[in-house]
Amino acid sequence: RSGLYVTPYRCSGVGLALCWRLLEEDGRIHLCIACRNAQKSEATRDLILAAYPAAQVSTVEVDLGNLASVLRVARELRCRFQRLDFVYLNAGIMPNPHVNFKALWHGLLTGRVLHMLTTAEGIMTQTNRLNGDGLQEVFATNLFGHFILVRQLEPILCGNEKPSRLIWTSSSNARESAFSLSDYQHAKGQESYSSSKYATDLTSVVLNRKFNKQGLYSSVVCPGLVMSNMTYRILPVFLWKLLMPIMWLIRFFAKTYTLTPHNGAEAHVWLFRQKPEYLDALVKYHSCTSGLGKNYVEPRKMDVDEEVAEKLYQKLLELEKQVLERYSDLLD
């Protein structure tokens, strides 16, 4: 396989673990690392080559929350590659996360605490803001930047001899209750992360309907609860250290507590081995880890309305038309 394109937003966490694990699966792939920070992506490349000297590893610089950056990297990739076999859409931000301890305590008293700890439902909020393109920052980075990237890469994703694959990193925190078609950028709420991930699930469903006949397939994964830079910003580091023994214990009851980036990448790697035409477009593939540390993948039907998905897709196309008028000089 050549022209493999991976998009870790930061060169760490699940993105870095995925790079390692894909090369373990097939050392012949061409791995292209996309990262916002050029120095970190080069450092990651050097780290990978130290372990796999014969690997084909290249880098590109992109900020998925900046449309001009997305358009530039799409043009660069179209020039570099004749086709892309896999695009791992892994960028994600959760700005200024806050834990609602009152809700957590209520969950403990009502017996819903395990559900809340595995989905963050009702206990996690974020504050959002507009980015330089006038879009809500979380929506732009977690979904719309990826959407524009996929749209711009269609010439090298569709119509190839072998199928091309989109693998979106979603979340168990993706909930319909946090999403509204009338406010799909989530400008008014405090659950922008959850809204963006639910919108990701909807978008993947529609992309399959639109592009499967052209050889492009889309899948959604959940890495579970992974200890990463994003997670560590939710609570002070010292508190996480105190909680870690409890979290390892919770894993006997909550299989989505994958905890390490290596475990979190399980579903991403599993999909790398599958034939896309046999996958269910309405299923999300969850990375799971047993209490004894065994990794496996659990398919779960997504709670999505296909009619809502189609309406969201049309709204994304309308927004795309509006914003791209500003960047005509970056279009072919």
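As annotated in an unreviewed UniProt entry, the chain is 3-keto-steroid reductase/17-beta-hydroxysteroid dehydrogenase 7 from Burhinus bistriatus. Its UniProt record gives the chain a comment under Sequence similarities (unreviewed entry), which states: "Belongs to the short-chain dehydrogenases/reductases (SDR) family. ERG27 subfamily." In its Subunit (unreviewed entry) section, UniProt records this for the chain: "Binds to the short form of prolactin receptor."

### Re the packing of helix 1 (residues 13-25) against helix 2 (residues 38-51)
Where helix 1 contacts helix 2, the axes come no closer than 11 Å and their chain directions differ by 30°. The orientation of helix 1 with respect to helix 2, classified from their angle, is roughly parallel. Where helix 1 crosses over helix 2, the handedness of that crossing is right-handed. Between helix 1 and helix 2, the residues in contact are Leu-16, Cys-19, Trp-20 and Leu-23 and Thr-44, Leu-47, Ile-48 and Ala-51, respectively. In terms of residue class, the contact of helix 1 with helix 2 is built from seven nonpolar, one polar and no charged.

### Digging into the packing of helix 3 (residues 67-80) against helix 6 (residues 137-152)
Packed helix pairs are characterised by how far apart their axes lie and by the angle those axes make with each other. Running from N to C, helix 3 and helix 6 cross one another at 30°; their axes reach a closest spacing of 9 Å. Taken together, the axes of helix 3 and helix 6 are roughly parallel relative to one another. Relative to helix 6, the crossing made by helix 3 is right-handed. Each of Leu-67, Val-70, Leu-71, Val-73, Ala-74 and Arg-78 in helix 3 lies in contact with helix 6, whose residues at this interface are Phe-144, Gly-145, Ile-148, Leu-149 and Gln-152. Split into classes, the residues belonging to the contact of helix 3 with helix 6 amount to eight nonpolar, two polar and one charged.

### A closer look at empty space enclosed by the protein
Tallying each qualifying case throughout the model produces one cavity of 30 Å³ or more. As a volume, the largest cavity reaches approximately 30 Å³. In this structure, the largest cavity is lined by Phe-139, Tyr-184, Gln-185, His-186, Ser-192, Ser-195, Ser-196 and Ala-199.

### Focus: the pattern of salt bridges
Scanning all chains against the criterion turns up 17 salt bridges. Here Asp-26 ties to Arg-28 by a salt bridge, and the two come within 3.0 Å at their closest N and O atoms. Judged by its relative accessible area of 8%, Asp-26 falls in the buried class. Using a relative accessible area of 64% as the deciding quantity, one classes Arg-28 as exposed. One salt bridge in this structure joins Lys-284 and Asp-201, with 2.9 Å as the shortest N-O distance. Within this pair, whereas Lys-284 is found in strand 9 (residues 283-289), its partner Asp-201 is found in helix 8 (residues 192-211), the two being separated by 83 residues in sequence. Here the two residues Lys-284 and Asp-201 agree in accessibility, since each one is buried. Because the salt bridges share partners, they merge into one network encompassing Arg-209, Lys-210, Glu-306 and Glu-310.

### Digging into helix 3
Along an α-helix, residues three or four apart share an orientation, since each turn contains 3.6 residues. The first and last C-alpha atoms of helix 3 sit 20 Å apart over 14 residues, in line with the 20 Å expected at 1.5 Å per residue. Looking at helix 3, one finds that the buried residues are Leu-67, Ala-68, Ser-69, Val-70, Leu-71, Val-73, Ala-74, Leu-77 and Arg-78. Capping of helix 3 at its N-terminal end is provided by Asn-66; its side-chain oxygen lies 3.1 Å from the backbone amide nitrogen of Ala-68.

### A word on unusual backbone geometry
Of note, the phi angle at His-186 is positive, near 60°, even though the residue is not glycine. Take His-186: it is sitting in the loop between strand 7 (164-169) and helix 8. Its identity as a non-glycine residue notwithstanding, Leu-259 has a phi of 70°, on the positive side.

### A few points about a nonpolar patch on the surface
The grouping of Leu-249, Phe-252, Phe-253 and Leu-292 at the surface amounts to a nonpolar patch, some 540 Å² of accessible area in total. By the secondary structure assignment, Phe-252 is in the loop between helix 10 (237-250) and helix 11 (261-264).

### Quick look at the packing of aromatic side chains
Applying the stated criterion across every chain yields a total of nine aromatic pairs. Ring centres of Phe-86 and Phe-272 lie 5.0 Å apart, and the angle between their planes is 45°; this geometry places the pair in the tilted category. Taken together, the residues span a long stretch of sequence, with Phe-86 in strand 4 (residues 86-89) and Phe-272 in helix 12 (residues 266-273) at a distance of 186 residues. A relative accessible area of 4% means that Phe-86 is categorised as buried. Measuring from centroid to centroid gives 5.6 Å for Phe-139 and Tyr-184, while their planes differ by 70°, and the two rings are edge-to-face. Residue Phe-139 is found in helix 6, and its partner Tyr-184 is found in the loop between strand 7 and helix 8; the two are separated by 45 residues along the sequence. In this structure an aromatic cluster arises from ring pairing among Phe-139, Phe-144, Phe-147, Tyr-184 and Tyr-313.

Analysis parameters
- Residues numbered from 1 in each chain as written.
- Predicted model: local features only at pLDDT ≥ 70, side-chain atom pairs only at ≥ 80, totals over all residues.
- Heavy atoms only, no water.
- UniProt positions renumbered as here; feature names shortened; annotations may be inferred.
- Axes fitted to C-alpha atoms, helices over the stretch in contact; angles between N-to-C directions.
- Helix = DSSP H or I, 4+ residues; strand = E, 2+ residues; numbered from the N terminus.
- Parallel < 35°, antiparallel > 145°, perpendicular 65-115°, else oblique.
- Left-handed = near helix turned anticlockwise from the far one by under 90°.
- Contact = heavy atoms within 4.5 Å.
- Nonpolar A, V, L, I, M, F, W, Y, C, P; charged D, E, K, R; others polar.
- 1 Å grid on protein atoms, 1.4 Å probe; cavity = no way out; pocket = protein on both sides within 12 Å on 5 of 7 lines; lining within 4 Å.
- Points joined across faces, edges and corners; volume = space filled by probe spheres on them.
- Salt bridge = Lys/Arg side-chain N within 4 Å of Asp/Glu carboxyl O.
- Buried < 20%, exposed > 50% of the residue type's maximum accessible area, 1.4 Å probe, protein only.
- Expected span 1.5 Å × (residues − 1).
- Polar contact = N/O pair within 3.5 Å; in protein donor to acceptor, adjacent residues only side chain to side chain.
- Patch = residues over 30% accessible without salt bridge, like charges linked within 9 Å, V, L, I, M, F, W, Y side chains within 5 Å.
- Areas by Shrake-Rupley, 256 points an atom, 1.4 Å probe, with all protein chains shown as cover.
- Phe/Tyr/Trp six-rings, centres within 6.5 Å; stacked < 30°, edge-to-face > 60°.

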